[in-house]
Number of protein chains: 2
Amino acid sequence: MRPGINSDQTERIIQALKRAGYQATPNRRLVAELVAATGGHFTAAELLERGRRERVNIGRATVFRALELLASLRVVERLDLPSGSHAYVVCDPDEHHHHLVCSTCGRSEDIADGELARLVDEIGRRNGYRIEAHRLELFGICPACSAADTAERETLA
Amino acid sequence: MRPGINSDQTERIIQALKRAGYQATPNRRLVAELVAATGGHFTAAELLERGRRERVNIGRATVFRALELLASLRVVERLDLPSGSHAYVVCDPDEHHHHLVCSTCGRSEDIADGELARLVDEIGRRNGYRIEAHRLELFGICPACSAADTAERETLA
DNA sequence: TCGGAATTGATACCCGGTCTCATTGGTGAT
DNA sequence: ATCACCAATGAGACCGGGTATCAATTCCGA
Ligand SMILES: [Zn+2]
Ligand SMILES: [Zn+2]
Ligand SMILES: [Zn+2]
Ligand SMILES: [Zn+2]
């Protein structure tokens, strides 16, 4: 938060809200800042807690509502982690894509749909389905976490 | 249920349990039957209700525990529907694959991983991640529902 | 400035799923 | 068959994410 590297992303989120005809209220601005400030994925509860640390009195429901709104604008996306719990990641609303998520630190990369579209199309045709949606999620260990891991292993050896 | 087209699937599920060293108790048999009897996806609550209709006194926790067990054996898989709710589908445990689900009737088809493996691999390499898991889910309208839909449309016209 | 619409917070509620714990049932060794 | 032991079960408390309600507030456009 605070003017910094993410302030432009904050601004983009707010613009998306306005463009869609929603008010850019202080609460929503706060959520936008918090979202923009996270590197990887985050849960609603985390956001709420961080939000409360900065500014008292942001309601739980308000946070959920803001996230729901941002999700509907495709500014964030809800992930289903392998653990079964839910998390959100900030997202480029302009282009369909998928996510590669580090299961250790939560960092997330956008993955272009690429050849997948063709694949999905073919699967639909082959099965006679009219495909309406698809979801691809990749989970793994990011370079940083991987490096940290091997480093630790070596000091132990 | 009842000896029928799905009795062999029921048996396969039970064999999977035994093979993994778990007891094939009456409750688990019941769950296996119920699972085998569903064409498409089902929720834990549905299963519980159907189970109670056949045989009183199967505990909620028991059903959840059985499903968890079957999921760990890859005999069923938990889906995250676009709606956000969870459902299970029966699954071939022997080969990695994905699911194509009808958003109208819930019917589900197994989809071979095929080229996806290569794609996933490449994405991992390109981003320096060590990929641990991936999930692909496809949603659409199955041929039957599609046909029913157009038929209805025509009678209205 | 004013009135209606949008937003908000508190709180109750819902629902899927898990935990606890006392009871029961199955299994394998004898 | 018996016994001891571990697995499985049911009831119910519990939990966490998310939604519904509703009155109070804030916003915004005329
Ligand atoms: Zn994204
Ligand atoms: Zn990482
Ligand atoms: Zn269908
Ligand atoms: Zn796959």
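The shown structure was predicted, so the numbers you read here are calculated from the model rather than taken from an experiment.

Enquirer: It is not clear to me how the relation of the copies chain B and chain A should be interpreted in this structure. Could you clarify?
Expert: Applying a rotation about an axis and a shift along it to one chain copy brings it onto the other copy. Expressed as a screw operation, the relation of chain B to chain A combines 0.0 Å of axial shift with a rotation of 180°, fitting to an RMSD of 0.1 Å. Taken together, the rotation angle and the small translation identify this as a two-fold axis. Residues of chain B ranked by C-alpha distance from the rotation axis are headed by Leu136 of chain B, positioned 2.3 Å from it. The fraction of interface residues of chain B whose copies in chain A are also interface residues reaches 100%, indicating that both copies meet through the same surface.

Enquirer: Could you clarify how one ought to interpret the interface of chain B and chain A in this entry?
Expert: Facing the 37 residues of chain B at the interface are 37 residues of chain A. Summed over both sides, the interface of chain B with chain A buries roughly 3100 Å², with 57% coming from carbon and sulfur. At the surface where chain B touches chain A, the tally comes to four salt bridges. The salt bridge involving Arg135 of chain A is made with Glu137 of chain B; its shortest N-O contact spans 2.8 Å. Inspection of the region where chain B meets chain A yields 16 residue pairs in polar contact (both at pLDDT 80 or more). Looking at the side of chain B that touches chain A, the elements with two or more residues in it are strand E1 (76-80), strand E3 (97-102), strand E4 (108-112), helix H5 (116-127) and strand E5 (130-141) of chain B. Considering each element in turn, the side of chain B that touches chain A owes the most residues, 12 residues, to E5 of chain B. Across the side of chain B that touches chain A, the residue classes tally to 19 nonpolar, eight polar and 10 charged. The pairing of strand E5 (residues 130-141) of chain A with E5 of chain B spans 11 bridges and is classified as antiparallel. Residue pairing for E5 of chain B: Ile141 of chain A is matched across the bridge by Arg130 of chain B.

Enquirer: Got a minute to help me understand the packing of aromatic side chains in this structure?
Expert: For any pair of aromatic rings, the description rests on two quantities: the centre-to-centre distance and the angle between the ring planes. All names here are of chain A. Applying the stated criterion to the full structure yields two aromatic pairs over all chains. Between Phe42 and Tyr88 the ring centres are 5.9 Å apart and the planes differ by 20°, which places this aromatic pair in the stacked class. Here Tyr88 lies in strand E2 (residues 86-90) and Phe42 lies in the loop between helix H2 (26-37) and helix H3 (44-54), a separation of 46 residues in the sequence. Accessibility classification places Phe42 together with Tyr88 in one group, the buried group.

Enquirer: What's the story with the nonpolar core in this structure? I'm lost.
Expert: The nonpolar side chains of soluble globular proteins are, as a tendency, buried together. The biggest cluster of nonpolar side chains holds 26 residues, and the ones touching the most others in it are Leu100, Leu116 and Leu138 of chain A together with Leu100, Leu116 and Leu138 of chain B. Counting only elements with at least two residues in this core, the list comes to strand E3 (97-102), helix H5 (116-127) and E5 of chain A together with E3, H5 and E5 of chain B. With near-sequence residues (within four places) excluded, Leu116 of chain A lies in contact with His98, His134 and Leu136 of chain A together with Leu116 and Leu119 of chain B.

Enquirer: So what exactly am I meant to see when it comes to the pairing of E1 of chain B here?
Expert: The side chains of a regular strand alternate, first on one face of the sheet and then on the other. All names here are of chain B. In this structure, E1 lies alongside strand E2 (residues 86-90), joined through five bridges in antiparallel fashion. In the sheet register, Leu79 faces E2, and the bridge partner there is Ala87. Counting the residues in the hairpin turn of E1 and E2 gives five residues, including Gly84, whose phi is positive at 100°.

Enquirer: Looking at this structure, how should I read the environment of Asp110 of chain B?
Expert: Residue and element names in this part refer to chain B. Mapped onto the fold, Asp110 is located in strand E4. Expressed as a C-alpha distance, the spacing of Asp110 and Glu11, which sit 99 residues apart in the sequence, is 20 Å. Contacts of Asp110, omitting those with residues within four sequence positions, involve Val90, Asp92, His97, His98 and His99. There is a polar contact of 3.2 Å between the side chain of Asp110 and the side chain of His97.

Enquirer: Please clarify how the protein's contact with DNA strand C should be interpreted in this entry.
Expert: Taken together, 17 residues are adjacent to DNA strand C, and Thr25, Arg28, Asn57 and Thr62 of chain A together with Arg60 of chain B come closest. Considering DNA strand C, the proportion of its atoms within 4 Å of the protein that are sugar or phosphate atoms stands at 66%. Taking Thr25 of chain A, its side chain carries an N or O atom lying 2.4 Å from a phosphate oxygen of DNA strand C. Between Arg28 of chain A and DNA strand C, the recorded distance is 2.6 Å, taken from a side-chain N or O atom to a phosphate oxygen. Those elements that place two or more of their residues in the surface near DNA strand C are H2 and helix H4 (60-72) of chain A together with helix H4 (60-72) of chain B.

Enquirer: What should I look at first to understand the side chain of Thr10 of chain B in this one?
Expert: Secondary-structure assignment places Thr10 of chain B in helix H1 (residues 7-19). The contact partners of Thr10 of chain B, leaving out residues within four places of it in the chain, are Ala32, Glu33 and Ala36 of chain B.

Enquirer: Teacher, can you tell me more about unusual backbone geometry here?
Expert: Note on backbone geometry: most residues besides glycine have negative phi, and most peptide bonds are trans. For Arg74 of chain A, which is not a glycine, the phi torsion comes out positive at approximately 65°. Taking the relative accessible area as the measure of exposure, Arg74 of chain A reaches 61% and is therefore exposed.

Enquirer: Even after reading the chapter, I still don't get the protein's contact with DNA strand D, so can you show me in this structure?
Expert: Near DNA strand D, the surroundings consist of 20 residues, among which Arg60 of chain A together with Thr25, Arg28, Asn57 and Thr62 of chain B are the closest. Contact between DNA strand D and Asn27 of chain B: a sugar or linking oxygen at 3.1 Å from a side-chain N or O atom of the residue. In terms of residue count, H4 of chain A provides more of the surface near DNA strand D than any other element does, four residues in total. Taken together, the residues of the surface near DNA strand D break down into seven nonpolar, eight polar and five charged.

Enquirer: Explanation requested: H5 of chain B in the structure shown.
Expert: For an α-helix, 3.6 residues make a turn, and residues three or four places apart therefore share a direction. Between its terminal C-alpha atoms H5 of chain B stretches 17 Å, which fits the 16 Å expected from 12 residues at 1.5 Å a residue. Of all the residues in H5 of chain B, the buried ones are Leu116, Leu119, Val120, Ile123 and Gly124 of chain B. Buried residues of H5 of chain B, seen end-on, are gathered within an arc of 135° and therefore sit on one face of the element. Along H5 of chain B, the residues that are exposed and aim more than 90 degrees away from the buried face are Arg125 and Arg126 of chain B. The inward-facing, buried residues of H5 of chain B contact E3, strand E4 (108-112), H5 and E5 of chain A together with E3 and E5 of chain B.

Criteria and cut-off values
- Residues numbered from 1 in each chain as written.
- Chains lettered and ligands numbered in written order.
- Predicted model: local features only at pLDDT ≥ 70, side-chain atom pairs only at ≥ 80, totals over all residues.
- Heavy atoms only, no water.
- Least-squares fit on C-alpha atoms with pLDDT ≥ 70 in both.
- Contact = heavy atoms within 4.5 Å.
- Buried area = accessible area lost by both parts, 1.4 Å probe.
- Salt bridge = Lys/Arg side-chain N within 4 Å of Asp/Glu carboxyl O.
- Polar contact = N/O pair within 3.5 Å; in protein donor to acceptor, adjacent residues only side chain to side chain.
- Helix = DSSP H or I, 4+ residues; strand = E, 2+ residues; numbered from the N terminus.
- Nonpolar A, V, L, I, M, F, W, Y, C, P; charged D, E, K, R; others polar.
- Pairing = 2+ DSSP bridges.
- Phe/Tyr/Trp six-rings, centres within 6.5 Å; stacked < 30°, edge-to-face > 60°.
- Buried < 20%, exposed > 50% of the residue type's maximum accessible area, 1.4 Å probe, protein only.
- Core = buried A, V, L, I, M, F, W, Y, C linked by side-chain atoms within 4.5 Å.
- Near = heavy atom within 4 Å.
- Expected span 1.5 Å × (residues − 1).
- Arc of directions from axis to C-beta.

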